[in-house]
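Observations on chain architecture
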Amino acid sequence: MISGSPIQNIPVSARDAPASIYVAPSLAAALDALNEYGPAGAPLAGGTWIMRSPIRHEPLRSHYVAIGRIAELTAVRIGSDAIEIGAAVTHAALAAALAGLPEFAGLAAAAGGSANSAIRAMATIGGNLAASEFAAADCVPALLCLDADVEISGRDGRDRIGLADFLAVRSALAPGRLVTRIIVPRAERKTAHARLPLRRSGDYPVAIVSLSLSVDAANRVQAARIAVGSVEPSARRWPRLEAALLGRPLDAAAAARTAAELTDEFVGRDSVDAPGWYRVSVLPGLVRRAAIAALGS
Amino acid sequence: MGFSLTVNGDRLSSAADPATPLVDILREEMHLTGAKPVCREGFCGACMVLVDGEPTPSCLLPAALADGREIHTVEGLAPLGMLNRIQAALEASDAVQCGMCFPGMVVSLTHLLTTRPDATRDDIRAALTGNICRCTGYERIVEATLLALATA
Ligand SMILES: Cc1cc2nc3c(=O)[nH]c(=O)nc-3n(C[C@H](O)[C@H](O)[C@H](O)COP(=O)(O)OP(=O)(O)OC[C@H]3O[C@@H](n4cnc5c(N)ncnc54)[C@H](O)[C@@H]3O)c2cc1C
Ligand code: FES
Ligand code: FES
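Residues numbered from 1 in each chain as written. Chains lettered and ligands numbered in written order. Predicted model: local features only at pLDDT ≥ 70, side-chain atom pairs only at ≥ 80, totals over all residues. Heavy atoms only, no water.

- With an unreviewed UniProt entry as reference, chain B is termed (2Fe-2S)-binding protein, source organism Bradyrhizobium quebecense.

- Chain A goes by FAD binding domain-containing protein in an unreviewed UniProt entry, where it is assigned to Bradyrhizobium quebecense.

Here it is in structure tokens:
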């Protein structure tokens, strides 16, 4: 927890020290090492979540496999049908790679507006998606509304699954398996990411609304994907709001009024930085902000 | 096991646990106490150092992963007994208070000065999003940075 947390000074001796950190030179070497360590091992990408384990009173694993120097995992490939984001691409690198691609304005805002500048240069997209206890991840709702797939690799091969399915299984990912790529289809659409931190920067967002809309020449919504983050333990889509916007002209105030009628489907999570009811109550305002940003994109 | 570090041009071999935060090695093994472990969460910036030239919270970097990289702490940013441009401007602007945040501020601002000589007031604020000053002297810190940029 960030906001409101007391000054922490956990002595090093209180840490459950790992025996090793192996810096993998290649994907094959990383998969071999993860396979060998089994449940005692885990990937370490930016480390911005793992290194705070002692503060969350979570034990560290015995062995970490550092994946940040694997060239294959640190590249963003922009193709004509899809973009492919290596799992170890940092938030800062992703935001820079997407600049100038309006259809990804929401994802660029999620990656480029999270945390603070020093953290954005360390934290990776794979770590953002894989940290299963982390409710406030910015890139998760942004990618949910872009219909992203996640590629998972092991020594035996690669699987590709939808992000929503990945979120459901991520805490039980078999040892030896690694998220290697995030694949996002390209399409003409308006996207936006609206988040509400308690202070302007640094804090986790209390609530997030990401949206992706296709509109016709008369600005009527033809397709809508809307995702909510940080309100519940894991981000998810808002299907009733998506359905309600279809066929109507995109209007920010009207979308916010509709959202206000549909917030009852969320049960907000309580935590020290905000009570659950508050997280839910700010959603219509975030829908309005996101719609305004999308209209301008 | 073990790893070695290059900090302000000096080499150190350490046998510490590989996930020991870099800030602890700097302070306990190298006696470089400029970087302060305050929040240990990556959010206050009091432990900021340059790793391969980039501002990095040293509370979040496992020391073993700093092996082979160039580390500069606040102690290494200016010749002994002298002030660098931002330090001099902070002093001249009375922008120095309790000093808890200052080593980290100096590291982030030194990076800004060297990489963005055209930085605006907004750029300075953006560069300081990872540095929290509890004494709330932000206005003077921003003014001092503008002064340092102007005297380049
Ligand atoms: C001060 C601060 C503020 C922050 N604010 C925000 C914010 O506003 N928004 C936000 O989204 N996040 C924020 N974060 C959270 C965060 O730590 C990162 O966004 C990100 O979730 C972590 O990525 P990482 O690469 O550092 O992960 P790591 O700490 O390296 O790993 C996190 C978890 O994912 C696993 N993992 C990592 N990579 C893979 C992979 N390729 N395959 C499988 N498993 C993997 C690890 O084993 C671990 O369990 C903040 C962090 C800090 C320190
Ligand atoms: S102690 Fe490292 S950022 Fe606060
Ligand atoms: S001068 Fe006191 S914390 Fe910044």
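Right, picking up where we left off after that structure.
**A short note on the overall build of chain A**
- The number of helices and strands found in chain A is 11 helices and 12 strands.
- Its C-alpha radius of gyration of 19 Å places chain A within 12% of the 19 Å reference for a compact globule of 297 residues.
- By principal-axis analysis of the C-alpha atoms, chain A measures approximately 60 × 45 × 30 Å.
- Residue pairs in contact within chain A that sit at least 24 positions apart in sequence constitute 62% of those at least 6 positions apart.
- Counting every atom, chain A has about 12,100 Å² of accessible surface; 54% of that belongs to carbon and sulfur.
- The average position of the 30 basic charges and that of the 27 acidic charges among the side chains of chain A differ by 5 Å. (Helix = DSSP H or I, 4+ residues; strand = E, 2+ residues; numbered from the N terminus. Rg over C-alpha atoms; globule rule 2.2 N^0.38 Å. Contact = heavy atoms within 4.5 Å. Areas by Shrake-Rupley, 256 points an atom, 1.4 Å probe, with all protein chains shown as cover. Lys, Arg positive; Asp, Glu negative; His and termini not counted. Charge placed at Lys NZ, Arg CZ, Asp CG, Glu CD.)

**Comments concerning the interface of chain A and chain B**
- Facing the 31 residues of chain A at the interface are 31 residues of chain B.
- For the pair chain A and chain B, the number of links is zero salt bridges.
- For the pair chain A and chain B, the interface holds three residue pairs in polar contact (both at pLDDT 80 or more).
- Grouping the amino acids of the side of chain A that touches chain B by side-chain chemistry returns 17 nonpolar, nine polar and five charged. (Salt bridge = Lys/Arg side-chain N within 4 Å of Asp/Glu carboxyl O. Polar contact = N/O pair within 3.5 Å; in protein donor to acceptor, adjacent residues only side chain to side chain. Nonpolar A, V, L, I, M, F, W, Y, C, P; charged D, E, K, R; others polar.)

**Quick look at the site of ligand 1**
- As a structural note, the neighbourhood of ligand 1 is formed by 39 residues, with Pro43(A), Gly46(A), Thr48(A), Thr124(A) and Asp138(A) the closest of them.
- The residues that come close to ligand 1 belong to more than one chain, namely chains A and B.
- Measuring from an oxygen atom of ligand 1, one finds a side-chain N or O atom of His91(A) at 3.5 Å.
- Separating an oxygen atom of ligand 1 from a side-chain N or O atom of Asn128(A) is a distance of 2.8 Å.
- Compared with its free state, where it exposes 980 Å², ligand 1 has 95% of that area covered by protein.
- When contributions to the shell around ligand 1 are tallied by element, the ones reaching two or more residues are strand 2 (41-44), helix 5 (125-130) and strand 8 (178-185) of chain A.
- Of the residues forming the shell around ligand 1, the biggest block, four residues, is contributed by helix 5 of chain A.
- Among the residues making up the shell around ligand 1, the classes are represented as 23 nonpolar, 11 polar and five charged. (Near = heavy atom within 4 Å.)

**Things to note about the sheet that holds strand 8 of chain A**
Residues and elements named next belong to chain A.
- Read across the sheet, five strands follow the order 4-5-8-6-7 without closing on themselves; strand pairing throughout is antiparallel. If you trace the sheet from one side to the other, it starts and ends with strand 4 (76-78) and strand 7 (157-162), each paired once. Averaged over all neighbouring strand pairs, the angle between strand axes comes to 20°, with direction disregarded.
- Relative to strand 7, strand 6 (residues 149-154) runs antiparallel, the two being bridged by six bridges. Looking at strand 7, one finds that Val150 is bridged to Ile161.
- Most of the contacts of helix 1 (residues 27-37) go to strand 8, to which it runs at about 130°, and overall it touches strand 6, strand 7 and strand 8. (Pairing = 2+ DSSP bridges. Axes fitted to C-alpha atoms, helices over the stretch in contact; angles between N-to-C directions.)

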